[in-house]
Amino acid sequence: MFHPVSSKPDFVAQEHDVLDLWARTDAFRTLWAMNKGNKRWSFVDGPITANGPMGVHHAWGRTYKDLYQRFYAMQGFDERYQNGFDCQGLWVEVLVEKEKGFTSKRDIERMGLADFVNTCKQRVLNFAAIQTEQSIRLGYWMDWNDPAQLRWLRDKLEEDPSQVITVEGPQGPVTDSVEQIVGRLGLPELGGSYFTFSNENNYLIWRFLKKCWEKGWLYEGTDVMPWCDRCGTGISQHEIVTDGYEELTHTSVYLRFPLLDEAGQQRLDAETGLPEALLVWTTTPWTLTSNVAAAVGPELDYIKVQQDGWVYYLAKGAAKRALAGRYTLLAELKGAELLGWAYAGPFDELPTVQAVFQKAGYSHTVIAWKEVGEEEGAGIVHIAPGCGAEDFQLSKQYGLPVIAPLDEAGIYLEGFAWLTGQNVHDVAASIFGSLQDKALLYRLEEYTHRYPVCWRCKTELIFRLVDEWFISMGEVYDKPREELTAEEVDRSLRYQIMEVVDQIRWIPSFGRERELDWLRNMHDWMISKKRYWGLALPIWVCEDPACRHFHLVGSEHELKELAVEGWERFEGHTPHRPYVDAVKIACPQCGGRASRIADVGNPWLDAGIVTFSTLSYRNDRSYWEKWFPADLISESFPGQFRNWFYSVLAMGTVLERRPPFLTNFSYATLLGEDGRAMHKSWGNMLDFHDGAERIGVDVMRWMFLHHKPEQNLLFGFHRADETRRRFHIPLWNVYSFFVTYANLAPAWSVERATWSAPPHSADPDVQSSDHFLDRWIVARMQQLIELVTQRLTDYDSESATVACEAFLDDLSNWYVRRNRRRFWEGDPAALDTLYYVLVTFARLLAPMMPFVSETIYQNLVVEGLEGLSVPGRTDSPDGAPVSVHHTGWPTADRSLIDEQLLADMDLARAVVSLGHADRVAAEIKVRQPLADIQVVAAGKAQSLARFADVIADELNVKRVELAGGEAELVQYRILPVNKTLGPRFGKEFPAVRQALSAADPYAVAAAVAAGQPVALTVNGQPVALGPEDLLVQAEPRPGLQVTNDPQRGIVVALNTVITPALKAEGLAREVVRTIQQMRKDAGFEVSDRIHTTYQTEDAGLAEAIELHAAAIRQETLSLSLDAAGPAAGAYVATVDLDGAGVTMAVRRAGG
RNA sequence: GGGCCUGUAGCUCAGACGGUUAGAGCACUGUGCUGAUAACGCAGGGGUCAGUGGUUCGAGUCCACUCAGGCCCA
């Protein structure tokens, strides 16, 4: 006996039961052990940032990851199942600062770096624990750490990181300090998820960087970079491009740069005698203190105008926008004519400006820059090389002095008079005031533009001159890649990575082009950050100002060897600040003392190294060789082509010059149901926990997998409901139907059934069924197995789910519906078949929908397990695996795919569909039996005869007849099969069409039906067309009660005559249906026997009931059916059946 | 300015290889069926397949250009 199945399942509650079952039976580790040592399938996880709880968008990616790992596991592959957490970097720092109420780096230094770093580690462990729990809830099978242990380690870190503890690892107990245990998480001796803060991860990046250095690609550069003064760090190109811009409004300023004559006095216009000035515009007034030049476009047209006592120079195309009020045009000139003019700067009085200019022997000059346009401002660009990246490039080109006004916190340095000590974000008003006082201000204007902000804290970025460390990408050669020489590629990391990209399969395929495009365009990789929590860049610089040599340390062993002081302070700590900073080494160049630069590394270094660090690259090369490269990596594409995908590629290229993964599967962005990005304030945000508990993760997973990954996914409750209604509930209903009737069937029990093989297989021990519906659904099952296997192998879950939904429709709305009577009667062959199909379907669905499939499998196959709300049977077949996920992937038996049967069934369903349409047109309900239908289907008599019973039953007609006298019923239209005839005749094809339309359609149809060729004359030439070249469409003759399916050439005519006998039979069916409904309403069991009475004034109805009394009793399990008043305690109903009133009563027998 | 993607019914989306009269789900309307079905069947309204040009016997599908939207890079 199967446990009874509710027809109103609570999927979410079931999921919790299944999670409980998996935990109690250790289902995941059992599966892992089953496949140990088999052929391998390697997946390397892209680390999730352990800095908050998961969102539903994380569940999308994790569903793919779980699907493919499960799919390969069911095929017997050995896997690693290692999840990853991204741990280091500014994102964690910023939230720890927020938690602590810190506002600047000074707060961190007051706290102490050791404490701060320790707090960052605790935060990571905390969210790693939460994300682990959430992933488990999703059904994501991985080698998870015990969340409780992660929290315990977090607490121990807080207590005292140096205390010694012992934890149980896969190879036995491990004893070490808490700090070191945490630093060894994910390594073989501890197992579980990898953490990018691990020692191994950090030291392996050291090796990578050293290799870059040895190739000459690592350098320190001085450049003007976007800078966040709150975070006190530069922001790299990688970080600024996506989240890095916001639409902001600033007060921009138009101002005068008064021109100077050779004596350094105000220049006066020769004609008017008025003072002359350049009109200049800027949106960043704070940079005016650092102005050194004004740039014009040499080819651009400029004008000289008079207005309010001044003569201005500005770009011609900018005049309308820039100038306010009336003015007089004095002259036009080319930008080139302005070059070399001297002018007075806006803040020449500042001590630093004076000192810098004096030292450089420089004064403000007009220079040429071809980038200057007239679309913005006044067409004359203020150049401040200390405050802008392009300005800085120009300063190098022209030898201009550089004035850098700000410290790392955005505070004006000494030498800026009244500005000194002020924050850059607070000075706009006083700068405008100063300009006003000096009569330099022309006018102010509110200006809205996209402006870069810090991607983590949203502070507006400034541009600062800084020293940062870079990995050179190599020059961009001005010729096609295929023309590059080997030497040129050897010099350039950029092109080496491109070669690696070529060897990878990108899904979707445009991913390759995206990655190459990024590589073509990217600048040198800035890897340093002036922060605290992160990779300690292993760059030691000689303190001797005369030497300044820098050395890359490639491992902890090398560091120990080179250390001259501070090793004892560092020993026993993870390679993080501040302890690693204590170690000084001897400068290999001059023997002096070298110390580590204070910077930490870009976090994409941390994530990029994982195809090496997680695979024991340093310590067990043969293990690494087994699992490298990964067969698959997967992340969502926003950002990753320049971030994770890029950094993984860079590491694989530098360390091995090999692809670190073979397939890249990426997917788009998850949006709210309204098509907008999810935002808390917009009310369309959905966190993972709410989604899981309200929608259920199997439904969520199906939504994800049913979607084309390269398109954005609109996600919400309505779509979830739609998905559940479309797939999960119908599936459940078929399952519930099966269990109901299997339990009632006297002649069937599970002992005789086989869950793992089709019931009519060649195995003589297995009960076989020749019923065509059974053979049909089994054939469909084999097709589905083949298709799903093929689609999933191709990483195409969308097609796989589409195929599953189509199959479910066939199963539910055709196989079960057409077989209801067989199930009511307990036909063993039907039960065998549905049993096999349901279990096999559950196995196919298992990697995609692990919970519902498990629930079904547990009840249908496995021994009952205590505590599961849907406990299993107690008569389980021997040897059934304890979980559906252990059953292995089903394989298709192609010999069971009977193509003719499938085609014939297709025809039968088409005929039924037309018959239903006839009934609608004739307004005769299906419950009313009719005598016959006539079917015209040229050449398909045999197929039709085969399923005549099914068609008759479905349409409630007595007979299905092949129509004679087709000519009276239908007219034919003959069409050429373009696919075969088009290529055969080419340009002559239109003539063939014409000849065909001129032929006698009845003759052609007859020939085709008989399988004879058709002879035509085309352009005077005889042409023979085979039956396969022609398509016969049958259309109903106008005026008949018929419908047709032109695609298939079928016409169906319904006999609409209702004889008195048919009328009586129809009424009897109405009575049956009424009693069935009453049984249901009265709450009787399906198998309850009843006594039925009826009273009616209508003679016709009474007669019909008497005539069909036996059939009514049988259908409704009525022991008696009497014309009488309701018995005491009976359930009574009065209804109207086709205009005849009747009062009926039912009561349970023997009760 | 350059690269990539998308544009098909009111909404969300399918439409390998070019091939007959372009489909599904949701929503709406009508109708029917039901002792598995919070379902389902049948029918209906709704489409210049973004536009223009080209290749071809034949284009939603291939090519070019244009327009609109998105992502990425300057």
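Residues numbered from 1 in each chain as written. Chains lettered and ligands numbered in written order. Predicted model: local features only at pLDDT ≥ 70, side-chain atom pairs only at ≥ 80, totals over all residues. Heavy atoms only, no water.

### Description of the overall build of chain A
Here comes step 1: Counting its secondary structure elements, chain A contains 40 helices and 43 strands.
Here comes step 2: Radius of gyration (C-alpha) of chain A: 40 Å, far over the 32 Å computed for a compact globule of 1151 residues.
Here comes step 3: Across its three principal axes, chain A shows a C-alpha extent of roughly 125 × 80 × 70 Å.
Here comes step 4: Relative to all contacts within chain A whose residues are 6 or more apart in sequence, the contacts with residues 24 or more apart total 75%.
Here comes step 5: Accessible area of chain A: about 46700 Å², with a carbon and sulfur share of 49%.
Here comes step 6: Here chain A holds 113 positive side-chain charges and 155 negative ones, and the gap between their average locations is 1 Å. (Helix = DSSP H or I, 4+ residues; strand = E, 2+ residues; numbered from the N terminus. Rg over C-alpha atoms; globule rule 2.2 N^0.38 Å. Contact = heavy atoms within 4.5 Å. Areas by Shrake-Rupley, 256 points an atom, 1.4 Å probe, with all protein chains shown as cover. Lys, Arg positive; Asp, Glu negative; His and termini not counted. Charge placed at Lys NZ, Arg CZ, Asp CG, Glu CD.)

### Examining the confidence of the model for chain A
Here comes step 1: A residue-level look at chain A finds 94% of positions with pLDDT of 70 or above and a mean pLDDT of 86.
Here comes step 2: Confidence estimates for the predicted assembly give a pTM of 0.86 and an ipTM of 0.83. (pLDDT = per-residue confidence, 0-100.)

### What to know about the pattern of salt bridges
Here comes step 1: Following the criterion strictly, the structure yields 62 salt bridges and no others.
Here comes step 2: Counted as one network, the salt bridges with shared partners bring together Glu 93, Glu 97, Arg 230 and Arg 531. (Salt bridge = Lys/Arg side-chain N within 4 Å of Asp/Glu carboxyl O.)

### Considering the sheet that holds strand 7 (residues 233–234)
Here comes step 1: The strand order across the open sheet formed by 4 strands is 7-6-18-20, and the pairing between neighbours is antiparallel. Two strands in the sheet have a free side with no partner beyond their single neighbour: strand 7 and strand 20 (525–526).
Here comes step 2: Strands strand 6 (218–228) and strand 18 (462–471) of the sheet are contacted by helix 13 (residues 389–398), whose axis makes an angle of about 135° with strand 6. (Pairing = 2+ DSSP bridges. Axes fitted to C-alpha atoms, helices over the stretch in contact; angles between N-to-C directions.)

### Topic: the environment of Glu 571
Here comes step 1: Here Glu 571 is to be found in the loop between helix 19 (567–570) and strand 25 (584–586).
Here comes step 2: Glu 571 gets classed as partly exposed once you look at its relative accessible area, which sits at 48%. (Buried < 20%, exposed > 50% of the residue type's maximum accessible area, 1.4 Å probe, protein only.)

### Examining empty space enclosed by the protein
Here comes step 1: Going through the model one piece at a time under the given rule, you end up with 2 cavities of 30 Å³ or more.
Here comes step 2: Along the walls of the second largest cavity sit Leu 288, Thr 289, Asn 291, Pro 346, Phe 347, Asp 348, Val 353, His 364 and Ile 403, which together make up its complete lining.
Here comes step 3: Considering only residue class, the lining of the second largest cavity consists of 5 nonpolar, 3 polar and 1 charged. (1 Å grid on protein atoms, 1.4 Å probe; cavity = no way out; pocket = protein on both sides within 12 Å on 5 of 7 lines; lining within 4 Å. Points joined across faces, edges and corners; volume = space filled by probe spheres on them. Nonpolar A, V, L, I, M, F, W, Y, C, P; charged D, E, K, R; others polar.)

### Describing the packing of aromatic side chains
Here comes step 1: Tallied over the entire structure, the rule returns 69 aromatic pairs.
Here comes step 2: Taking the centre distance of 5.4 Å and the plane angle of 70° together, the rings of Phe 71 and Tyr 72 count as edge-to-face. You'll find Phe 71 and Tyr 72 in the same group, each marked buried.
Here comes step 3: Ring geometry for Trp 624 and Phe 628: centres 4.4 Å apart, planes at 25°, overall stacked.
Here comes step 4: Among the aromatic residues, ring-to-ring pairing joins Trp 60, Tyr 64, Tyr 68, Phe 665, Tyr 667, Phe 704, Phe 715 and Tyr 795 into one connected group.
Here comes step 5: In this structure, Lys 39 is placed above the aromatic ring of Phe 77, and the distance from its NZ or CZ to the ring centre is 4.5 Å. (Phe/Tyr/Trp six-rings, centres within 6.5 Å; stacked < 30°, edge-to-face > 60°. Lys NZ or Arg CZ within 6 Å of the ring centre and 35° of its normal.)

### Topic: the sheet that holds strand 28 (residues 633–636)
Here comes step 1: Read from one edge to the other, the open sheet built from 3 strands follows the order 19-29-28, with strand pairing classed as parallel. The open sheet has two edge strands with one neighbour each: strand 19 (505–507) and strand 28. Averaged over all adjacent pairs, the angle separating strand axes in this sheet is 15°, with direction ignored.
Here comes step 2: Across 4 bridges, strand 28 lies against strand 29 (residues 663–667) in parallel orientation.

### Considering the packing of helix 26 (residues 717–744) against helix 28 (residues 797–824)
Here comes step 1: Across the interface, helix 26 lies against helix 28 with an axial gap of 10 Å and an inter-helix angle of 25°. For the element pair helix 26 / helix 28, the angle class is roughly parallel. Between helix 26 and helix 28 the crossing geometry is left-handed. Here Arg 726, Phe 727, Pro 730, Leu 731, Val 734, Phe 737 and Tyr 741 of helix 26 come into contact with helix 28, specifically with Cys 804, Glu 805, Leu 808, Leu 811, Ser 812, Val 816, Arg 820, Phe 823 and Trp 824.
Here comes step 2: Of the residues assigned to the contact of helix 26 with helix 28, the class counts are 12 nonpolar, 1 polar and 3 charged. (Parallel < 35°, antiparallel > 145°, perpendicular 65-115°, else oblique. Left-handed = near helix turned anticlockwise from the far one by under 90°.)

### Comments concerning the packing of helix 6 (residues 113–138) against helix 7 (residues 147–159)
Here comes step 1: Look at helix 6 against helix 7: their axes get within 8 Å of each other, and the N-to-C directions meet at 165°. Relative to helix 7, helix 6 is oriented roughly antiparallel. Between helix 6 and helix 7 the crossing geometry is left-handed. Two secondary-structure elements touch here, helix 6 through Asn 118, Lys 121, Gln 122, Leu 125, Asn 126, Ala 128, Ala 129, Ile 130, Thr 132 and Glu 133 and helix 7 through Pro 147, Leu 150, Arg 151, Leu 153, Arg 154, Leu 157 and Glu 158.

### Some points on the nonpolar core
Here comes step 1: In terms of nonpolar packing, the biggest core is built from 254 residues, with Phe 208, Leu 209, Phe 715, Phe 738, Tyr 835 and Leu 860 touching the most fellow members.
Here comes step 2: For this core, the element with the most residues is helix 29 (residues 828–845), which contributes 12 residues.
Here comes step 3: In this view, Phe 208 contacts Ile 471, Trp 525, Leu 605, Ile 609, Ala 650, Met 651, Val 654 and Leu 655; residues no more than four positions away in its chain are not counted. (Core = buried A, V, L, I, M, F, W, Y, C linked by side-chain atoms within 4.5 Å.)

### Here's the deal with the pairing of strand 26 (residues 593–596)
Here comes step 1: In terms of strand pairing, strand 22 (residues 539–542) meets strand 26 through 3 bridges, oriented antiparallel. Across the sheet, the residue bridging to Trp 540 is Arg 596, located in strand 26.
Here comes step 2: Between strand 25 and strand 26, which follow one another and run antiparallel, lie 6 residues, and Gly 591 among them has a positive phi close to 80°.

### Looking at the pairing of strand 6
Here comes step 1: Where strand 6 meets strand 18, 10 bridges bridge the pair, whose relative direction is antiparallel. Directly across from Glu 220, in strand 18, lies its bridge partner Trp 469.
Here comes step 2: Where strand 6 lies against strand 7, 2 bridges are found, and the strand directions are antiparallel. Bridge pairing in strand 7 links Trp 227 to Gly 234.

### Here we look at helix 6
Here comes step 1: Along its 26 residues, helix 6 runs 37 Å from first to last C-alpha, staying within 8% of the 38 Å computed at 1.5 Å per residue.
Here comes step 2: Extensive coverage of helix 6 is indicated by the burial of 21 of its 26 residues.
Here comes step 3: Gly 139 sits one or two residues past helix 6 and shows a positive phi near 90°. (Expected span 1.5 Å × (residues − 1).)

### Things to note about the state of the cysteines
Here comes step 1: The final tally for this structure, using the stated rule, is 0 disulfides.
Here comes step 2: Cysteine Cys 547 is unpaired, with the sulfur of Cys 590 as its nearest cysteine sulfur at 3.7 Å.
Here comes step 3: Overall, Cys 547 belongs to the partly exposed group, its relative accessible area being 22%. (Disulfide = S-S within 2.5 Å.)

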